[in-house]
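If you want the building blocks of each chain, they are given just below.
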Amino acid sequence: MISIQSQDFSLEDEYQALRTLENGATGAIVIFSGLVRDFNDNGDIQGLFIEHYPGMTEQAIAQIVERATLRWSLQKVRVIHRIGELKSNEQIVFVGIASQHRADAFAACEFIMDYLKNDVPLWKKELSNHNSQWVEAKTSDKQSLKRWNKS
Amino acid sequence: MISIQSQDFSLEDEYQALRTLENGATGAIVIFSGLVRDFNDNGDIQGLFIEHYPGMTEQAIAQIVERATLRWSLQKVRVIHRIGELKSNEQIVFVGIASQHRADAFAACEFIMDYLKNDVPLWKKELSNHNSQWVEAKTSDKQSLKRWNKS
Amino acid sequence: MVKVKFFARLREQLQCSELEVELAESTSIAQLKHKLVDGNPNWQQALASGDLLCALNQTLCSSDTVLSDNDEVAFFPPVTGG
Amino acid sequence: MVKVKFFARLREQLQCSELEVELAESTSIAQLKHKLVDGNPNWQQALASGDLLCALNQTLCSSDTVLSDNDEVAFFPPVTGG
């Protein structure tokens, strides 16, 4: 299930929803939570503004989730990405995976984050008192895709 | 911080504690939660009993956490492992990592779980109506250590 | 007629988020870009940026993709979500 | 004198969780195992199991490790926590 939303989310509620499978066959839950960092290489920032491409964002995430589901044995996948204005230390993104086995849960969670960073039309603007500016894409995010083509 | 305890824990409380760093420099939190699965290869089980080696358990986990801290850039590490009798779907183990970057958080979390499964004196007994029996160690858990020697 | 959308830094540079363009048959996305620059010469630099991505009907695509009537095309900088 | 501990399945097989053993100087963990079997012949099979792990003073070690007075030695099956 995928949500693009401006409101905050409760990690606890999301975790409990991942846990409630019919018969307790879930052995492993892996959660990634991304937070707004209050500084970057250029100095302190006040917060972020996140722009997205309505419609395509949801679709692009759904494609990544589907690829993860085909590749690993997963029971539940939950992705939330926030948009709009966010303050320092606020939650930006949630990826939660429930699986029978931890290796699948870890791999799928990191895979989804790696592709989300490269293929999903979301853009961060850092807000500061001096001048707000769009965040540059990192080459390290492109690098991290390579491992998924190995095996 | 490492806890070996019979009582349950609140994932939400642990998550919030990982978030509260002085100045919001945390960009990524990765959490692993292990749950009691209610079936195994031999049929339904009622729950688990977890035995451990008091003193060594804490020390062995501390050594793994220290190795992770030397290898990756981490801000906070929290490990909880429960002991005693646990019912189906209860939480067994929690590993939470706060870091500036997601790659470090993912790697450290999975590293700690992989070594915990091999080097920490904890043993599961599956409780069933018919006959309770000690869980056999999996060769896949030994296999999963190999990747950490590659790089 | 195709709908063209711009996002993030590119949207700000062009001062335009969306417009509609009448195209000849078998026009590619690369040709659409040229047509946009022809109509708005001050867009040249921003649209020439080598790292721009494009999407056709909300799916990433390459710039040699050929367009059809009623398509939705989007241009945007490398993404930075997550 | 060393303290010897057994855990999990091994503890149940031996029906013993802890005992103290008087050792000659420079005794290794492998030699301690032999001495335990000499004193309890019915422990032979369980203690001969090739996959048993051992710890000296709460750190995993190999069976050729040499013991000192007041050491704590533990024998246990492969671990299954997590």
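Rules and cut-offs
- Residues numbered from 1 in each chain as written.
- Chains lettered and ligands numbered in written order.
- Predicted model: local features only at pLDDT ≥ 70, side-chain atom pairs only at ≥ 80, totals over all residues.
- Heavy atoms only, no water.
- Contact = heavy atoms within 4.5 Å.
- Salt bridge = Lys/Arg side-chain N within 4 Å of Asp/Glu carboxyl O.
- Polar contact = N/O pair within 3.5 Å; in protein donor to acceptor, adjacent residues only side chain to side chain.
- Nonpolar A, V, L, I, M, F, W, Y, C, P; charged D, E, K, R; others polar.
- Pairing = 2+ DSSP bridges.
- Helix = DSSP H or I, 4+ residues; strand = E, 2+ residues; numbered from the N terminus.
- Buried area = accessible area lost by both parts, 1.4 Å probe.
- Buried < 20%, exposed > 50% of the residue type's maximum accessible area, 1.4 Å probe, protein only.

Peer 1: Tell me about the interface of chain B and chain A, and name the residues and values.
Peer 2: Opposite the 37 residues of chain B that make contact, chain A presents 37 residues. Between chain B and chain A we count 4 salt bridges in total. Where chain B packs against chain A, one counts 17 residue pairs in polar contact (both at pLDDT 80 or more). The residue inventory of the side of chain B that touches chain A, partitioned by class, reads 15 nonpolar, 12 polar and 10 charged. Where strand β2 (residues 28-35) of chain A meets strand β2 (residues 28-35) of chain B, 7 bridges bridge the pair, whose relative direction is antiparallel.

Peer 1: How would you explain the interface of chain D and chain B if you had to name every residue and give the values?
Peer 2: Contacts between the two partners involve 20 residues from chain D and, on the opposite side, 26 residues from chain B. Carbon and sulfur atoms make up 54% of the area that chain D and chain B hide from each other, which totals about 2,000 Å². The largest share of the area that chain D buries against chain B comes from Gln58, Thr80 and Gly82 of chain D, three residues that together contribute 35% of it. Counting across the interface, chain D meets chain B through 3 salt bridges. Residues Glu12 of chain D and Lys125 of chain B are paired through a salt bridge, measuring 2.5 Å at the closest nitrogen-oxygen approach.

Peer 1: Explain the environment of Ile2 of chain B to me, and be specific about the residues and the numbers.
Peer 2: All names here are of chain B. For Ile2, the position within the fold is in strand β1 (residues 2-5). Classification of Ile2 by relative accessible area gives partly exposed; the value is 27%. Those residues within four positions of Ile2 in sequence are excluded, and the remaining contacts are Glu58, Ile61, Ala62, Val65, Arg78 and Val79.

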